[in-house]
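# Fold and contact review
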Amino acid sequence: MLESQSALTSPRFTVEVGTRVLLQVPQEAAKGVLQAILAVEPLTWGDYDQVAFTTQAGAQQFRSLPGGRNAATDRAVEVACVELQIFVPKQGQALEPLIRAIYHAHPYEEPVIQLLPGARTCHRRGQDEGNPNRFWNQETADWVPKAHR
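Think of each chain on its own: its residues are numbered from 1, step by step along the sequence as written. Residues qualify for local features only when their pLDDT is at least 70, as the model is predicted, and side-chain atom pairs are given and counted only at 80 or more; totals for whole chains, interfaces and linings, by contrast, use all residues. As a rule here, side-chain values cover all heavy atoms of the structure and leave hydrogens and water aside.

### Overview of the overall build of the chain
- The number of helices and strands found in the chain is three helices and five strands.
- To qualify as a helix, a DSSP run of H or I must reach at least 4 residues; to qualify as a strand, a run of E must reach at least 2; elements of each kind are numbered from the N terminus. Going from the N terminus to the C terminus, the chain shows its helices and strands as α-β-α-β-β-β-α-β.
- In terms of C-alpha radius of gyration, the chain reaches 19 Å, well past the compact-globule figure of 15 Å for 149 residues.
- Based on the C-alpha atoms only, the size of the chain along its principal axes is roughly 60 × 40 × 25 Å.
- Evaluated residue by residue, the chain yields a buried proportion of 28% over its 149 residues.
- Residue contacts are defined here by distance: any two heavy atoms, one from each residue, within 4.5 Å place the two residues in contact. Long-range contacts, defined here as pairs at least 24 residues apart, represent 70% of the contacts in the chain between residues at least 6 apart.
- Residues counted as positive are Lys and Arg, residues counted as negative are Asp and Glu, and His and the chain ends are not counted. For charged residues, the charge sits on one atom: NZ in Lys, CZ in Arg, CG in Asp, CD in Glu. Within the chain, one finds 14 positive and 16 negative side-chain charges whose respective centroids are separated by 2 Å. The globule rule is 2.2 Å times the number of residues to the power 0.38, and the radius of gyration it is compared with is taken over C-alpha atoms. Note on classification: 1.4 Å probe, protein chains only; a residue is buried when its accessible area is under 20% of the maximum for its type, exposed when over 50%, partly exposed between these limits.

### Description of the packing of helix α2 (residues 30-40) against helix α3 (residues 96-105)
- Between N-to-C directions, angles span 0 to 180 degrees; the directions come from axes that are lines fitted to C-alpha atoms, helices contributing only their stretch in contact. With their axes 9 Å apart at the nearest point, α2 and α3 run at an angle of 150° to one another. When the axis of α2 is compared with that of α3, the two are roughly antiparallel. As α2 runs across α3, the sense of the crossing is right-handed. Each of G32, V33, A36, I37 and V40 in α2 lies in contact with α3, whose residues at this interface are P97, L98, A101, I102 and A105.
- Its residues assigned to classes, the contact of α2 with α3 shows nine nonpolar, one polar and no charged. For this classification, under 35 degrees means roughly parallel, over 145 means roughly antiparallel, 65 to 115 means roughly perpendicular, and everything else is oblique. Left-handed describes a crossing whose near helix is turned anticlockwise from the far helix by less than a right angle; the clockwise case is right-handed. Nonpolar residues are Ala, Val, Leu, Ile, Met, Phe, Trp, Tyr, Cys and Pro. Charged residues are Asp, Glu, Lys and Arg, and all others, Gly as well, are polar.

### Points about the environment of A59
- Relative to the assigned elements, A59 resides in strand β3 (residues 58-62).
- Taking the C-alpha atoms as reference points, A59 and V77, separated by 18 residues in sequence, lie 9.5 Å from one another.
- Once residues lying within four places of it in the same chain are set aside, the contact partners of A59 are E78 and V79.

### A closer look at the side chain of Q85
- Mapping Q85 onto the fold places it in strand β4 (residues 77-88).
- As used in this structure description, the phrase polar contact means that two N or O atoms lie within 3.5 Å; if the pair is within protein, one of them must be able to donate a hydrogen and the other to accept it, and residues adjacent in sequence are counted only when both atoms belong to side chains. Within the local environment of Q85, its side chain forms a polar contact with the side chain of E83, the two groups lying 3.5 Å apart.
- Apart from the residues lying within four places of it in its own chain, the contact partners of Q85 are R20, V21, L22, A52, F53 and T55.

### Quick word on the pattern of salt bridges
- Definition used for salt bridges: Asp or Glu carboxyl oxygen within 4 Å of a side-chain nitrogen of Lys or Arg. Applying the stated criterion across every chain, the model contains six salt bridges.
- Between R125 and D47 there is a salt bridge, with the nearest N and O atoms lying 2.3 Å from each other. One end of the pair, R125, is in the segment after β5 (112-123); the other, D47, is in the loop between α2 and β2 (53-54), and 78 residues separate them in sequence.
- You can call D47 partly exposed: its relative accessible area is 39%.

This is the structure:
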């Protein structure tokens, strides 16, 4: 399926194959982990960088098994966590510095990191500027950052 997405062509956008990284982390540690990621990967997306998504806090559960750093537990425990989501135009061994940085900054012995093959689109600059749906062609919405008002 990714092969067919990377073969998609358009004068409006490009398609780039890479990896979608999903990472669960305690909420208090999320900013530090993201900073460690940004130290090795700029998270560029078209004309932007530092592009990441963080969910609202949810509950991650796990049960410690014998042999790990933490004592084994009889039942699962819960930790308030968020999920960081990023896309990098890399695959395979090229991901090693990024994953190493996550392991270094993450407070867990066994971080929950998922690597999913993915594809993304990036706009072609200068097109569709007059589209009435673009935020700059409308009354300023509350979600528009102050830097862009």
